[in-house]
Amino acid sequence: MIALSPTQQRTMPFARRQFLQSGAAAAVVAFLGEGCALPRAADGRLGFTPVPATLHDGVTVPPEYEAQVLYPWGAPTGIASSMPTFSPDASNSAADQAVQAGMHHDGMHFFALDGRTDRGLLVMNHEYTDERLLHAQGMTPWTEEKTRKSLHAMGVSVIEVELTNGGWRQVLPSRYARRVHGATAMRIAGPAAGTPLMRTAANPGGDRVFGTFGNCAMGVTPWGTYLSCEENFHGYFGGPKEAAPRATPAQRRYGTVSGSQWLDYWRFDERFDLSKHPNEAHRFGWVIEIDPFDPGSMPVKRTALGRKRQESATCTQTRDGRLAVYMGDDSAFEYIYKFVSRDKVHPGNGAAARAANRNLLDEGTLYVARYDADGRGQWLELRHGRNGVDAASGFADQAEVLIHARLAGDVVGATKMDRPEWIAVHPESGEVYVTLTHNTQRGAPGKPAADAANPRANNLFGGILRWSESGQDAASTTFTWDHFALAGDPQWPGADTRYPSADADTFGHPDGLRFDSGGLLWIQTDMAGPAIGKGPMAALGNNQMLCADPASGRIKRFLVGPNGCEITGCTVTPDRRSLFVNIQHPGETREDGSGTANSAWPDGTVAGSARPRSATVAVRRRDGGIVGS
Ligand code: FEO
Ligand code: CA
Ligand code: CA
């Protein structure tokens, strides 16, 4: 194994020879999104040297690989006239932050430009903020400027990148570069748009909203747009504690309750005050669609896909050419969903295809999953007037079914899962894999007991479940399922670990999950800061990325991150010779952001010597070979 210092990671060159090799490969591949397969090459699957579990404070990759920091929080992201540089003391203004890389990088995709694999658009989410790092003087006193800077530090970045003989670099300026953040104007589309629960004083039409935040996992459409998922939106809505008793059952279920907010946005931006504008929170918790190739295009919130703490919007196509989107809802005992479009996808991924498919995500059927004990399962339709979802059960119309999808899932009897995170579709078999990250409330008094799909009480470690749609058709309403892996440390007393093979490295709290076009499954972990290296997680090292070959059942640890970080978001270039991976919240010792940062990555080697910064890292084999080999 090799542990790179921050300086080495930044300066490590990729050989010109390798660039030329990948250029040749690029000539024969086109853009490939999820669900599209390259011919399977004799690619030495999982041939790399496994990385041991380690608590080393740096990015550790196999010795045959090299890693390079590409795009840290605060990196300029814009056009030539507006590219303020990062101030290490966090003195950048809210206006600066609006044109700089956001914090807490998450889901990400590489879109090839002009069919090339050495130049493309890297589009990524910025999930949440660490306010103590974001502002020069920390959180106190909380101000309007800090509220705005915080909003600007979340959302999505679009950057242009190219492979040079010095490695991957951000192209600056780029006509594609832009930030979509917590105050960006966007459109609301689909069946809930314009309906009463979506209307606010500022937008009586219920069809326009400022911003997106809590952007966690993602998806890619066949027509070349990026889907970003609004996960923990609830923590930004609040208000005076006295208003809490007026919260409705739906507000309690979604966690939008006055007094329970994480940040006091409401004191300086009235729309976040639930006691005054309760409908504003209905306008978050959606999948949003962004056209990365058109920097002037307005992002769109797609209400037909349902509102939840959105995790993943993984796309594949049905046998008859419609789009299926798989989604998880990351909270304990929440559900897994599928949307199937009404209309067929117009083929292609150029501008004409994006125009032809511009409304495709607005009409279709939303389902929620039930996993039966016999290894079979059902997709249950969430439609007003069916399966008991109607006025009598509290839904005035289909808009309410979508806005309160969690409550509709209760009515139809969906299976309460152990925190569904990312979903990945095998590019050839169509098998669907989901990470269930963990759920220590399972089996606790008053909580649901273990069941077949969530078989562990006090589920400390999480696992990966998978299913095959009947007839290998993503439009099917039935499927068969099994466990791909029940994760954890087999040495931990009482641990029930079941792996797909004996040749599997251990891990816990799986979260990020993505197939590359060659059918390798990249698994990323998110053990919370306080849990890392202690108790049940003592032997698992820092958060990490593993590579699995479902055909053999082998799972090998590929990368381990710095102290305190989560590894989340990855994308492999179409030639499979570069991998981009996000290092989120290095140095985070506590989930609430308190405590002293235990890492200064990537700018310093000693904790406390620099503000830790989330960053994108580019990884390549030193010989220019296929990643994962
Ligand atoms: Fe943002 Fe559920 O992870
Ligand atoms: Ca996640
Ligand atoms: Ca997680």
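Residues numbered from 1 in each chain as written. Chains lettered and ligands numbered in written order. Predicted model: local features only at pLDDT ≥ 70, side-chain atom pairs only at ≥ 80, totals over all residues. Heavy atoms only, no water.

Visitor: Help me understand the overall build of the protein chain in this model?
Guide: When its secondary structure is counted, the protein chain shows nine helices and 32 strands. Computed over C-alpha atoms, the radius of gyration of the protein chain comes to 23 Å, within 12% of the 25 Å expected from 2.2 N^0.38 for 629 residues, which places it in the range of a compact globule. Expressed along its principal axes, the backbone C-alpha trace of the protein chain runs to roughly 65 × 55 × 55 Å. Residues classed as buried in the protein chain amount to 63% of the 629 residues present. Relative to all contacts within the protein chain whose residues are 6 or more apart in sequence, the contacts with residues 24 or more apart total 66%. Looking at the protein chain as shown, the accessible area adds up to about 20,500 Å², and 52% of this sits on carbon and sulfur atoms. The distance from the centre of the 63 positive side-chain charges to the centre of the 67 negative ones in the protein chain is 2 Å. (Helix = DSSP H or I, 4+ residues; strand = E, 2+ residues; numbered from the N terminus. Rg over C-alpha atoms; globule rule 2.2 N^0.38 Å. Buried < 20%, exposed > 50% of the residue type's maximum accessible area, 1.4 Å probe, protein only. Contact = heavy atoms within 4.5 Å. Areas by Shrake-Rupley, 256 points an atom, 1.4 Å probe, with all protein chains shown as cover. Lys, Arg positive; Asp, Glu negative; His and termini not counted. Charge placed at Lys NZ, Arg CZ, Asp CG, Glu CD.)

Visitor: Before we go on, may I ask you to explain the side chain of R557 in this structure?
Guide: If you trace the backbone, R557 turns up in strand β29 (residues 554-560). Of the side chains bearing the opposite charge, D505 lies closest to the buried R557, which forms no salt bridge; the N-O distance is 4.2 Å. In this structure R557 touches F48, P50, V51, P52, A53, D505, T506, Q544, M545 and L546, once residues within four positions along its chain are discounted. (Salt bridge = Lys/Arg side-chain N within 4 Å of Asp/Glu carboxyl O.)

Visitor: Would you mind going over the coordination of the calcium ion (ligand 3) with me for this structure?
Guide: For a metal bound by four donors in a tetrahedral arrangement, the ideal donor-metal-donor angle is 109.5 degrees, while six donors in an octahedral arrangement ideally sit at 90 or 180 degrees. The coordination sphere of the calcium ion (ligand 3), as far as protein atoms go, consists of E421 (OE), D511 (OD) and D526 (OD), spread over 2.3 to 2.4 Å. For the pair the calcium ion (ligand 3) and the calcium ion (ligand 2), the metal-to-metal distance amounts to 3.9 Å, and E421 bridges them. Of this pair, E421 sits in strand β22 (residues 420-425) while D526 sits in the loop between β27 (521-525) and β28 (544-549), placing them 105 residues apart in sequence. (Donors = N, O, S within 2.8 Å, 3.2 Å for Na, K, Ca; no water.)

Visitor: What is the right way to look at the sheet that holds strand β3 (residues 65-72) in this model?
Guide: Spatially, the four strands line up as an open sheet ordered β3-β32-β31-β30, and their pairing is antiparallel. The open sheet has two edge strands with one neighbour each: β3 and β30 (566-572). Going from strand to strand, the sheet's axes swing by 25° on average, the running direction of each strand aside. Strand direction decides the pairing type here: β30 and strand β31 (residues 579-584), joined by five bridges, are antiparallel. Across the sheet, residue E566 finds its bridge partner in β31, namely Q584. (Pairing = 2+ DSSP bridges. Axes fitted to C-alpha atoms, helices over the stretch in contact; angles between N-to-C directions.)

Visitor: So what exactly am I meant to see when it comes to the nonpolar core here?
Guide: For soluble globular proteins, the rule of thumb is that nonpolar side chains tend to be buried together. Formed by 90 residues in total, the largest nonpolar core has its most connected members in F213, V325, M327, L521, I523 and I555. At four residues, the largest contribution of residues to this core is made by helix α8 (residues 398-403). Counting 25 residues, the second largest nonpolar core, distinct from the first, contains V61, A67, L520 and V581. (Core = buried A, V, L, I, M, F, W, Y, C linked by side-chain atoms within 4.5 Å.)

Visitor: Just checking my understanding: could you explain the coordination of the calcium ion (ligand 2) for this structure?
Guide: All of the protein donors around the calcium ion (ligand 2) are E311 (OE), E421 (OE), D511 (OD) and D511 (OD); their distances to the metal are 2.4 to 2.6 Å. Spacing between the donor residues of the calcium ion (ligand 2) along the chain follows E-x109-E-x89-D.

Visitor: Quick question: what am I supposed to make of empty space enclosed by the protein here?
Guide: Rolled over the atoms, a probe sized like a water molecule indicates the empty space that remains. Scanning the entire structure with this criterion turns up four cavities of 30 Å³ or more. The volume enclosed by the second largest cavity comes to roughly 100 Å³. Its residues assigned to classes, the lining of the second largest cavity shows six nonpolar, seven polar and four charged. (1 Å grid on protein atoms, 1.4 Å probe; cavity = no way out; pocket = protein on both sides within 12 Å on 5 of 7 lines; lining within 4 Å. Points joined across faces, edges and corners; volume = space filled by probe spheres on them. Nonpolar A, V, L, I, M, F, W, Y, C, P; charged D, E, K, R; others polar.)

Visitor: Would you explain the packing of aromatic side chains in this entry?
Guide: Summed over the entire model, instances satisfying the criterion amount to 31 aromatic pairs. Ring geometry for Y265 against F272: centres 5.1 Å apart, planes inclined by 75°, an arrangement best described as edge-to-face. A relative accessible area of 0% places Y265 in the buried class. Taken together, the aromatic side chains of F213, Y236, F237, W262, Y265, F272 and F284 make up a single cluster linked through ring pairs. (Phe/Tyr/Trp six-rings, centres within 6.5 Å; stacked < 30°, edge-to-face > 60°.)

Visitor: Mind showing me how you'd approach the layout of surface pockets here?
Guide: Of the voids in this model, the largest pocket is the one considered here, and its volume is about 1,200 Å³. Lining the largest pocket are 46 residues; nearest its centre among them are Y128, N232, W262, E591 and D592. Counted by class, the lining of the largest pocket contains 13 nonpolar, 15 polar and 18 charged residues. Volume-wise, the second largest pocket comes out at about 260 Å³.

Visitor: How should I be thinking about unusual backbone geometry in this particular structure?
Guide: The phi torsion of most residues other than glycine is negative, and most of the peptide bonds are trans. In this chain, T140 is followed by P141 through a cis amide linkage whose omega measures -5°. Residue position: P141 is located in the loop between α4 (131-134) and α5 (144-152). The step from W601 to P602 runs through a cis peptide bond, and the omega angle for that step is 0°. Looking at the element boundaries, P602 is found in the loop between β31 and β32 (615-621). The phi angle at L46 is positive, at roughly 55°, despite the residue not being glycine.

Visitor: Help me out: how do you make sense of the environment of F237 in this one?
Guide: Counting through the fold element by element, F237 comes out in the loop between β12 (226-230) and α6 (249-254). Taking relative accessible area as the criterion, F237 reaches 0% and is therefore assigned buried. In contact with F237, not counting residues within four places along its chain, are F213, V257, Q261, R271, F272, L274, E280, A281 and F284.

Visitor: Explanation requested: α5 in the structure shown.
Guide: Every α-helical turn comprises 3.6 residues, leaving residues that sit three or four positions apart pointing alike. Taken as a whole, α5 has its buried residues at K146, T147, K149, S150, L151 and H152. Of the surrounding elements, those touching the buried residues of α5 are α3 (94-97), α4 and β8 (178-180). Between a side-chain oxygen at the N-terminus of α5 and the backbone nitrogen of E145 the separation is 3.5 Å; the capping residue is T143. (Polar contact = N/O pair within 3.5 Å; in protein donor to acceptor, adjacent residues only side chain to side chain.)

Visitor: How should I be thinking about the pattern of salt bridges in this particular structure?
Guide: A side chain with one charge can pair with a side chain of the opposite charge if their charged atoms come near. The tally for this structure, following the rule as stated, stands at 38 salt bridges. Here E162 makes a salt bridge to R169, at a shortest N to O gap of 2.7 Å. Look at E162 and you get buried, because its relative accessible area is 14%. Take R169: its relative accessible area is 38%, and that puts it in the partly exposed class. Among the ionic pairs, R322 bridges to D320, the shortest N-O distance being 3.1 Å.

Visitor: Would you explain the pairing of β29 in this entry?
Guide: The side chains of a regular strand alternate between the sheet's two faces. Where burial is concerned, most of β29 is hidden: six out of the seven residues are buried. Here β28 hands over to β29 after four residues, with G553 in that stretch at a positive phi of 85°.

Visitor: Which parts of the structure should I look at to understand the sheet that holds strand β14 (residues 300-302)?
Guide: The strands that make up a sheet are held in pairs by hydrogen bonds between backbone atoms, and each pair lies either parallel or antiparallel. Spatial ordering of the open sheet is given by β10-β9-β14-β13-β12-β11, a layout of six strands whose pairing is mixed. Two strands close off the open sheet at either side, each with one partner strand: β10 (208-210) and β11 (215-220). Across this sheet, the average inter-strand angle for adjacent strands is 35°, counted without regard to direction. Relative to β14, strand β13 (residues 287-290) runs antiparallel, the two sharing three bridges. For I288, the partnering residue across the bridge sits in β14 and is K301.

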